[in-house]
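What follows is each chain in one-letter form.
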Amino acid sequence: MTRALREAPLRTESSETLDPKNWDDIRALGHRMLDDMIDYAANIRDRPVWQPIPDDVRARFRAGVPRRPSDLGDVYREFADFIVPYATGNVHPGFMGWVHGGGTPVGMLAEMLAAGLNANLGGRDHIPIEVERQIVEWTRQMFGFPDGASGIFVTGTSMANLMAVLVARTTALGRAVRQRGLGSDGELLTAYASTAAHGCITKAMDIAGFGSDALRCIGVDRSHRIDIEALRARIAQDRSAGLKPFLVVGSAGTVDIGAIDDLAALSALCRDEGLWFHVDGAFGALGILSSALAPRLAGIENADSIALDFHKWGQVPYDAGFLMVRDGERHRDTFAASAAYLRRETRGLAAGSSWPCDLGPDLSRGFRALKTWFTLKTYGTEKLGAVITRTCALAGYLEARILAEPRLELMAPVQLNIVCFRYRAADANQVNGSIVIDIQESGIAAPSTTLLDGQLAIRAAIVNHRTDTGDLDALVAAVLRFGAARTRAA
Ligand SMILES: Cc1ncc(COP(=O)(O)O)c(C=O)c1O
């Protein structure tokens, strides 16, 4: 041991710990923080959706390591003045970019409680793990999965999709792949998804060691649903070339336009072909809670695995991704690893195996389950399902506004909660790209963009439970105003 360590103070008086000297002071400040954040959500419409970050504000976050203590009140003021105003904006009902959930005050409070408990959900025998197991059980029931299914919270669907690829790999090659690597057998494995599937699936194939070329991107129909016959033909072609198809990824809600693949047909094909059937249900899978949408997910109950995010349509604050695997043994086979320091017991704190660390790469894990548990219990699945239905009805409202406006053009059929459209203009890609940035910078709304057949579309994904028709009217008015200004300027 070094001299500096031998001579370090041993006392644990309050001056030596990180706890406050005066608990009443932190209580008062904590109450103020809570009030401020409740006001933030309650009065969110008074703020711009998003605003550009001034250079001097950005520069503050490039300062050096804080070696000396600061007063908590001062640090909080810095948060209030320089972090809160420049957040992403997805709490705001005018946020419609990408696929961002709005969060709820209930989820926020639960997150605070989880931080207070500071539980580590990698393993061991404590009730926070039972809370996560309860959500696994609820999710199993929602999707009609059998007993023995397993599930785990992860950051998001990108991670859940990667883990599903790994479970499918272990199933195809056997557990030995974990010691020996993919080897020559692994080089022959091929996976399939549509051209409309999310880019994180390509990335998952890359990270898992197959290389992204091993993912065959199959064409889609007009509604962006995978072409089942083209898929069947490609599988046959690969088999006759000596390759070994092992995985099909279906999309329950494509990121661009919200298309749902024919999951029943995909599950039948996978059964016939002996392939792992994974569903990327990042946002769409929770459509199962909506009585209007659930029938469109028929077939999802036959999946071998489903990836989804409670932080999108489920409105749980970030992050709350989730992976569910039909056969929990396959899941454990992929990730469980023994270590002397993680020995399992039948009594005491090390009881309760299997542990979540047996189901994924993480050992230390936070209590994501608590905010999801509070959200599900407080609102109930019927209300959450009604919110999901309403976001789709709002997309229908926006679609009708666009169809009624000759200066606007609908770019894709509206199937779920996503509307792709554009302002008609000579140089439409350039003009619409600028319109979206103008709107974001105005603070009125925050749509994003995508490319559909090379055409840039303004993309409004209505995910936030606070969004209303007035927010969509404001979006349309802003597109027309900035569109007119941009085309006049040209
Ligand atoms: C269809 C789809 N898959 C995967 C993802 C990635 O999910 P995450 O951002 O939670 O990693 C998204 C994100 O929007 C998505 O829409």
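Higher on the page you've got the structure.
Residues numbered from 1 in each chain as written. Predicted model: local features only at pLDDT ≥ 70, side-chain atom pairs only at ≥ 80, totals over all residues. Heavy atoms only, no water.

Participant: A description of the overall build of the protein chain should follow, citing residues and the corresponding values.
Facilitator: Helix and strand counts for the protein chain stand at 16 helices and eleven strands. Scaling as 2.2 N^0.38, a compact globule of 490 residues should have a C-alpha radius of gyration of about 23 Å, and the protein chain matches this with 25 Å. By principal-axis analysis of the C-alpha atoms, the protein chain measures approximately 75 × 60 × 45 Å. Excluding contacts between residues fewer than 6 apart, the proportion of contacts in the protein chain whose partners are at least 24 apart in sequence is 74%. (Helix = DSSP H or I, 4+ residues; strand = E, 2+ residues; numbered from the N terminus. Rg over C-alpha atoms; globule rule 2.2 N^0.38 Å. Contact = heavy atoms within 4.5 Å.)

Participant: Pulling in residues and values, what's your account of helix H10 (residues 199-207)?
Facilitator: The periodicity of an α-helix, 3.6 residues per turn, causes residues three or four positions apart to be oriented the same way. Considered for burial, the residues of H10 that qualify are Cys-200, Ile-201, Ala-204 and Met-205. Seen along its axis, H10 keeps its buried residues to an arc of 150°; they face one direction. Exposed residues pointing more than 90 degrees away from the buried face of H10 are listed as Lys-203 and Ile-207. On its buried face, H10 sits against helix H7 (157-173), strand S2 (189-194), strand S3 (215-218), strand S4 (244-251) and strand S5 (276-281). Note on H10: the residue one or two positions beyond its end, Gly-209, has a positive phi of about 95°. (Buried < 20%, exposed > 50% of the residue type's maximum accessible area, 1.4 Å probe, protein only. Arc of directions from axis to C-beta.)

Participant: Summarise the pairing of S2; cite the residues concerned and give the values.
Facilitator: S2 sits mainly inside the fold: six of its six residues count as buried. Every second residue of S2 is oriented toward a common face, with Leu-189, Ala-191 and Ala-193 on one face and Thr-190, Tyr-192 and Ser-194 on the other, all of them buried. Here S2 pairs with S4 via four bridges, running parallel. Within S4, the position partnered with Leu-189 by the bridge is Lys-244. Summarising the sheet, S2 and S3 pair through four bridges and their orientation is parallel. (Pairing = 2+ DSSP bridges.)

Participant: Could you give an account of the environment of Glu-137, with specific residues and numbers?
Facilitator: Here Glu-137 lies in helix H6 (residues 127-143). Judged by its relative accessible area of 30%, Glu-137 is partly exposed. In sequence terms Glu-137 and Ala-149 are twelve residues apart; their C-alpha atoms lie 8.5 Å from each other. Polar contacts involving the side chain of Glu-137 include one to the side chain of Gln-141, which spans 2.7 Å. (Polar contact = N/O pair within 3.5 Å; in protein donor to acceptor, adjacent residues only side chain to side chain.)

Participant: Go over the sheet that holds S5 with me, naming the residues and quoting the values.
Facilitator: One open sheet accounts for seven strands, arranged S1-S7-S6-S5-S4-S2-S3; its pairing is mixed. Both edges of this open sheet fall to strand S1 (150-154) and S3, since each of them pairs with a single strand only. Each adjacent strand pair in this sheet contributes to an overall mean axis angle of 20°, direction not counted. Pairing analysis gives five bridges linking S1 to strand S7 (residues 321-325), with the strands arranged antiparallel. What sits directly across from Ile-152, in S7, is Leu-323. H7 rests against S1, S2, S4, S5, strand S6 (305-309) and S7 of the sheet, and its axis sits at about 180° to S5. (Axes fitted to C-alpha atoms, helices over the stretch in contact; angles between N-to-C directions.)

Participant: Just give me the short version of the packing of helix H2 (residues 23-42) against helix H4 (residues 72-83), but keep the residues and values in it.
Facilitator: As a packed pair, H2 and H4 sit with axes 11 Å apart at the nearest point and diverge in direction by 10°. Put simply, H2 runs roughly parallel to H4. Contact residues: Ile-26, Leu-29, Arg-32, Met-33, Asp-36 and Met-37 in H2; Leu-72, Gly-73, Tyr-76 and Phe-79 in H4. Its residues assigned to classes, the contact of H2 with H4 comprises seven nonpolar, one polar and two charged. (Parallel < 35°, antiparallel > 145°, perpendicular 65-115°, else oblique. Nonpolar A, V, L, I, M, F, W, Y, C, P; charged D, E, K, R; others polar.)

Participant: Let's hear about the packing of H2 against helix H5 (residues 105-117): which residues, and what values?
Facilitator: Close contact between H2 and H5 brings their axes to 11 Å; oriented N to C, the two are set at 155°. It follows that H2 is roughly antiparallel to H5 by the angle criterion. Relative to H5, the crossing made by H2 is right-handed. Every residue of H5 that contacts H2 at Leu-34, Met-37 and Ile-38 is listed here: Met-108, Leu-109 and Met-112. A class-by-class count of the residues in the contact of H2 with H5 yields six nonpolar, no polar and no charged. (Left-handed = near helix turned anticlockwise from the far one by under 90°.)

Participant: I'd like a description of the sheet that holds strand S10 (residues 448-452), backed by residues and values.
Facilitator: With respect to topology, four strands assemble into an open sheet ordered S8-S9-S11-S10, the strand pairing being antiparallel. Looking at which strands have only one partner, the edges of the open sheet turn out to be strand S8 (408-410) and S10. Adjacent strand axes in the sheet meet at a mean angle of 45° when their direction is disregarded. The sheet contact formed by S10 and strand S11 (residues 455-461) spans five bridges and is antiparallel. Opposite Leu-452, over in S11, you have Gln-455 as the bridge partner.

Participant: An account of a nonpolar patch on the surface is needed here, citing residue identities and associated values.
Facilitator: A contiguous nonpolar patch, built from Trp-23, Ile-26, Leu-72 and Val-75 and spanning about 360 Å² of accessible area, is present on the exposed surface. When residues of the nonpolar patch are traced back to their parent elements, those giving at least two are H2 and H4. Along the chain, the position of Ile-26 falls in helix H2. (Patch = residues over 30% accessible without salt bridge, like charges linked within 9 Å, V, L, I, M, F, W, Y side chains within 5 Å. Areas by Shrake-Rupley, 256 points an atom, 1.4 Å probe, with all protein chains shown as cover. Salt bridge = Lys/Arg side-chain N within 4 Å of Asp/Glu carboxyl O.)

Participant: Tell me about the pattern of salt bridges, residues and numbers included.
Facilitator: Tallied over the full model, the rule gives 27 salt bridges. Here Arg-27 makes a salt bridge to Asp-24, at a shortest N to O gap of 3.7 Å. Taken together, the residues span about one helical turn, with Arg-27 and Asp-24 both in helix H2 at a distance of three residues. Exposure remark for Arg-27: the relative accessible area of 49% places this residue in the partly exposed category. For Asp-24, a relative accessible area of 52% translates into the label exposed. A salt bridge links Asp-309 to Lys-312, with the shortest nitrogen-to-oxygen separation between them at 2.4 Å. Overall, Asp-309 belongs to the buried group, its relative accessible area being 1%. Judged by relative accessible area, which is 13%, Lys-312 ranks as buried.

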